[in-house]
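Residues per chain are reported as follows:
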Amino acid sequence: MNSLKFLLLSAASLVSFSTQAQTAAPAKAKGPATEQVQLKTSAVCDMCKTRLEKAMAYEKGVQAAVLDVPSQVLTISYRPDKTTPDALRAAVQKTGYDADSQPAEARAYDRLPDCCKKTNAVHTGGE
């Protein structure tokens with residue numbers, strides 16, 4: 001009976017020790033923290049929001065992208081070891097939208113639905 005108690009106590013101590021050893025190990029160094037960039041776009045509606053946010057999700061290093069439609073500002077959280085603000089601006093342009101002062105790629109802009117074009121009368125104040 002004493003040897004059974006000894007065996008159980010030994011097993012419990014071993015489990016406890018191995019659990020402590022696992023939690024005591026130093027955490028692996030993570031990559032660089034994410035950074036944010038805000039780009040002024042020519043996006044004008046919720047379809048633009050969906051299109052831009054989805055396109056950015058496929059860009060290397062992008063952690064999140066959120067477009068505020070009223071201000072037309074796209075906020076992108078990204079890993080600086082994977083991409084750059086210039087590469088993200090180019091991705092926005094390739095999606096068909098202006099990025100800061102840089103115009104959208106013409107072919108991509110032409111493929112946008114009419115409601116997403118900045119020249120649409122609804123967005124320019126015309127009738």
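These lines cover the structure that appears in this document, whether it is placed above or below. (Residues numbered from 1 in each chain as written. Predicted model: local features only at pLDDT ≥ 70, side-chain atom pairs only at ≥ 80, totals over all residues. Heavy atoms only, no water.)

## Notes on the nonpolar core
Core analysis: the largest hydrophobic core is formed by 24 residues, its most contacted members being Cys48, Leu52, Met56, Leu74, Ile76, Val92 and Tyr97. At the level of elements, strand E1 (35-40), helix H2 (46-57), strand E2 (62-68), strand E3 (73-78) and helix H3 (85-95) are the ones that each hand at least two residues to this core. Setting aside anything within four residues of it in sequence, one finds leucine 74 in contact with Val37, Gln38, Leu39, Thr41, Leu52, Met56, Ala65, Val66, Leu67 and Val92. (Core = buried A, V, L, I, M, F, W, Y, C linked by side-chain atoms within 4.5 Å. Buried < 20%, exposed > 50% of the residue type's maximum accessible area, 1.4 Å probe, protein only. Helix = DSSP H or I, 4+ residues; strand = E, 2+ residues; numbered from the N terminus. Contact = heavy atoms within 4.5 Å.)

## Focus on the sheet that holds E3
Taken in spatial order, the three strands line up as E1-E3-E2 in an open sheet, and their pairing is antiparallel. Either end of the sheet is taken by a strand with one partner, and the two such strands are E1 and E2. When the angles between neighbouring strand axes are averaged without regard to direction, this sheet yields 15°. Across six bridges, E2 lies against E3 in antiparallel orientation. Bridge pairing in E3 links alanine 65 to isoleucine 76. The strands touched by H2 are E2 and E3; relative to E2, the strand with the most contacts, the crossing angle is about 165°. Relative to E1, H3 is tilted by about 40°, and along the sheet it contacts E1, E2 and E3. (Pairing = 2+ DSSP bridges. Axes fitted to C-alpha atoms, helices over the stretch in contact; angles between N-to-C directions.)

Coordinates in, geometry out; function isn't part of it.
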